[in-house]
Amino acid sequence: DSGVTQTPKHLITATGQRVTLRCSPRSGDLSVYWYQQSLDQGLQFLIHYYNGEERAKGNILERFSAQQFPDLHSELNLSSLELGDSALYFCASSVGRYSYNSPLHFGNGTRLTVT
Amino acid sequence: DAKTTQPNSMESNEEEPVHLPCNHSTISGTDYIHWYRQLPSQGPEYVIHGLTSNVNNRMASLAIAEDRKSSTLILHRATLRDAAVYYCILYSGGGADGLTFGKGTHLIIQP
């Protein structure tokens, strides 16, 4: 158990809809990262928050947004969903500001299916 | 971030040591070498990381070549639970602050 909690575990929705994925980091961790894993793209970094502030963006679509709240939990909002957004979405947390010297601890993901 | 090259798959026997290679010939002086693994139906799991010297922890050892152009993850005594995709990643903090995962090595453990 990594200590990172993601809800829900599974989500099925229709094209055009909006969903919110939630992540609770390990106790004491200030950084939260979001990743998308699909069969054809592998693990793709989306966005990083540190102590409530956005630190870096990766391959995140404009239809996607995220935020980290004062209690350090984070939410990833996906809107105008398309079939291609079907994937596993992982949240990871770490204690430090930077990932190069601070191990990431991943949750078990939310499996999103867009029909 | 500099690129890494790993074999697509490797096979080993249970209770034997496993050496997973990673080539990173364009590594820079500030790149840390990270290893993560992903078991089926789970999120990636941190294994080990290092900069220049060899590193050991309870899960594995990381052997880094003197010129740092290659490294080897060593599992001292493989179990069936070690069957996973192993990712070798370089990162130094420049650019987008998120680890870039490649395709990794699919490790198969035979009983």
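For the structure, check the block above.
The following refers to the structure shown. (Residues numbered from 1 in each chain as written. Chains lettered and ligands numbered in written order. Predicted model: local features only at pLDDT ≥ 70, side-chain atom pairs only at ≥ 80, totals over all residues. Heavy atoms only, no water.)

## Focus on the overall build of chain B
Helix and strand counts for chain B come out as 0 helices and 9 strands. Ordered by position in the sequence, the α and β elements of chain B form the string β-β-β-β-β-β-β-β-β. Its C-alpha atoms put chain B at 40 × 30 × 25 Å along the principal axes. Within the span of chain B, comprising 111 residues, buried residues form 46% of the whole. Put simply, of all contacts in chain B between residues at least 6 apart along the chain, 57% involve residues at least 24 apart. Approximately 5500 Å² of chain B is accessible, and the part contributed by carbon and sulfur atoms is 48%. Treating the 8 positive side-chain charges of chain B as one cloud and the 11 negative ones as another, the clouds have centres 3 Å apart. (Helix = DSSP H or I, 4+ residues; strand = E, 2+ residues; numbered from the N terminus. Buried < 20%, exposed > 50% of the residue type's maximum accessible area, 1.4 Å probe, protein only. Contact = heavy atoms within 4.5 Å. Areas by Shrake-Rupley, 256 points an atom, 1.4 Å probe, with all protein chains shown as cover. Lys, Arg positive; Asp, Glu negative; His and termini not counted. Charge placed at Lys NZ, Arg CZ, Asp CG, Glu CD.)

## Here's the deal with the pairing of strand β9 (residues 105-110) of chain B
The two faces of the sheet receive side chains in turn, since in a regular strand these alternate between them. Residue and element names in this part refer to chain B. Side chains of β9 alternate between two faces, with T105, L107 and I109 buried and H106, I108 and Q110 left unburied. As defined by bridge partners, strand β1 (residues 9-13) adjoins β9 across 5 bridges and the pair is classed as parallel. Note on β9: the bridge partner recorded for S9 is H106. One ladder, built from 3 bridges, connects strand β8 (residues 84-91) with β9; its direction is antiparallel. Counted as the bridge partner of V85 is H106 from β9. (Pairing = 2+ DSSP bridges.)

## Comments concerning the sheet that holds strand β4 (residues 45-50) of chain B
Residues and elements named next belong to chain B. One open sheet accounts for 5 strands, arranged β1-β9-β8-β3-β4; its pairing is mixed. Taken across any chain shown, the strands that pair with only one partner, and hence form the sheet edges, are β1 and β4. Across the sheet, the mean angle from the axis of one strand to that of its neighbour is 25°, orientation sign disregarded. Relative to β8, strand β3 (residues 32-38) runs antiparallel, the two being bridged by 7 bridges. The partner of I33 across the bridge, within β8, is L90. (Axes fitted to C-alpha atoms, helices over the stretch in contact; angles between N-to-C directions.)

## Topic: the sheet that holds strand β6 (residues 61-64) of chain B
All names here are of chain B. With antiparallel pairing, 4 strands are arranged side by side in an open sheet as β2-β7-β6-β5. Looking at which strands have only one partner, the edges of the open sheet turn out to be β2 (18-23) and β5 (55-56). When β6 meets strand β7 (residues 70-75), the two strands line up antiparallel, connected through 4 bridges. Counterpart to S61 in the pairing with β7 is I74.

## Some words on the side chain of H73 of chain A
Residues and elements named next belong to chain A. When you line up the elements, H73 lands in the loop between β7 (64-68) and β8 (74-78). In terms of polar contacts, H73 uses its side chain to reach the side chain of R22, at 3.1 Å. H73 has contacts with R22, C23, S24, P25, Q67 and Q68, leaving out every residue within four places of it along the chain. (Polar contact = N/O pair within 3.5 Å; in protein donor to acceptor, adjacent residues only side chain to side chain.)

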